[in-house]
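Overview (structure and organization)
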Amino acid sequence: MNNPTVSICMITYNHAKYIEKAIEGVLFQKTNFNIELIISNDNSTDDTDIVIKKIIKEKDNHKIIKYFNQEKNLGMMKNFIFALNVCKGEYIALCEGDDYWTDENKLQKQIDFMKSNNEISFTFHRAEILFKENFTLNYRHKSYINKEIVEPQNFLVKLGARFCTPSVVFKKEVINPLPEWYVDCHVGDFPLMFLALEKGKIGYLEDIMCVYRLSSDGSWSQSNLKLKNRYLNIYKMINLNKFINKNTQGKYKKYLKTNLISYLISKTIASFK
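Not measured: the values here are computed from a predicted model. (Residues numbered from 1 in each chain as written. Predicted model: local features only at pLDDT ≥ 70, side-chain atom pairs only at ≥ 80, totals over all residues. Heavy atoms only, no water.)

Topic: the environment of Lys115
- By the element assignment, Lys115 lies in helix H4 (residues 106-116).
- For Lys115, a relative accessible area of 48% gives the class partly exposed.
- When neighbours within four sequence positions are excluded, Lys115 is seen to be in contact with Thr5 and Tyr91. (Helix = DSSP H or I, 4+ residues; strand = E, 2+ residues; numbered from the N terminus. Buried < 20%, exposed > 50% of the residue type's maximum accessible area, 1.4 Å probe, protein only. Contact = heavy atoms within 4.5 Å.)

Structure below.
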């Protein structure tokens, strides 16, 4: 695929149980433009590699898939950055190997929306959150109902990092170039929104078009279930907020502070539970 309009960035690690559904959610997309699926397997120790290769062999539209099986474990951020750098599309959509899309027109809807509102650099939409098999909750962003263009202060204060990653599509120019400080972040989606705000506006679609697994094996949310990891992640988030504040020259200081307080409160409550 020489000229894809959209690159789907899919990182995976030990997602053998989930990866087929993630890939199928991409392959069943109906679009009037070309897409490519970039899969970067971070040297999984389970059967993720076997499952992916089986899909590539059997699916009729496997040619849109570019698969990379890392020879050694890079870690989540390095693997994510590797995959981003491979993406050739004008737009990049995110879907990690344990999440999946549920609307065959998801990409078409988001790209049409962004092209009709060229000032938008980043879009997201409603999602279902899967806590465990057969138990989902509708994640509705109440602050944005009937608001297709989200004001930066609403996006930062009322939402923060709580958009669901598989709902995201953004212009490649958001990460072109990717600043050096981004490499040192421990998560990719939270700082990404600050990069997006530097390049344009935020768009929101009311449609539910994906499922985000909250506690899948090997996920960030799963690691938070362990008390030791939860405190470590709080420490990392505090440092990340300081890091972003420093590298954005304090432009988002008050929003970062508000989000950090909200994050600390939620994790404290979770600790008692």
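Quick look at the nonpolar core
- Counting 42 residues, the largest nonpolar core has Phe122, Phe155, Phe170, Phe190 and Leu192 as its most contacted members.
- Counting residues per element, this core draws most heavily on helix H6 (residues 189-197), at 7 residues.
- Core analysis: the second largest hydrophobic core is formed by 35 residues, Ile8, Leu37, Ile55 and Ala127 among them. (Core = buried A, V, L, I, M, F, W, Y, C linked by side-chain atoms within 4.5 Å.)

Thoughts on the confidence of the model for the protein
- For the protein, mean pLDDT is 85; residues scoring 70 or higher make up 81% of the total.
- Residue range residues 219-225 is modelled with pLDDT below 50. Its contacts to residues more than four positions away, or to other chains, number 22 contacts. (pLDDT = per-residue confidence, 0-100.)

Thoughts on the side chain of Ser40
- As for its position among the elements, Ser40 is in strand S2 (residues 35-41).
- For Ser40, the side chain forms a polar contact with the side chain of Gln70, separated by 3.0 Å.
- Here the side chain of Ser40 touches Asn79 through a polar contact of 2.4 Å, side chain to side chain.
- Ignoring any residue separated from it by four or fewer positions in sequence, one finds Ser40 in contact with Met10, Ile11, Thr12, Phe68, Gln70, Asn79, Phe82 and Ala83. (Polar contact = N/O pair within 3.5 Å; in protein donor to acceptor, adjacent residues only side chain to side chain.)

Thoughts on the environment of Ser44
- With respect to the helices and strands, the residue Ser44 is situated in the loop between S2 and helix H2 (48-58).
- Counting along the chain gives 30 residues from Ser44 to Asn14, while the straight-line C-alpha distance between them is 4.9 Å.
- Setting aside residues no more than four positions away along its own chain, Ser44 makes contact with Thr12, Tyr13 and Asn14.
- Within the structure, Ser44 has its side chain in polar contact with the side chain of Asn41 (distance 2.5 Å).

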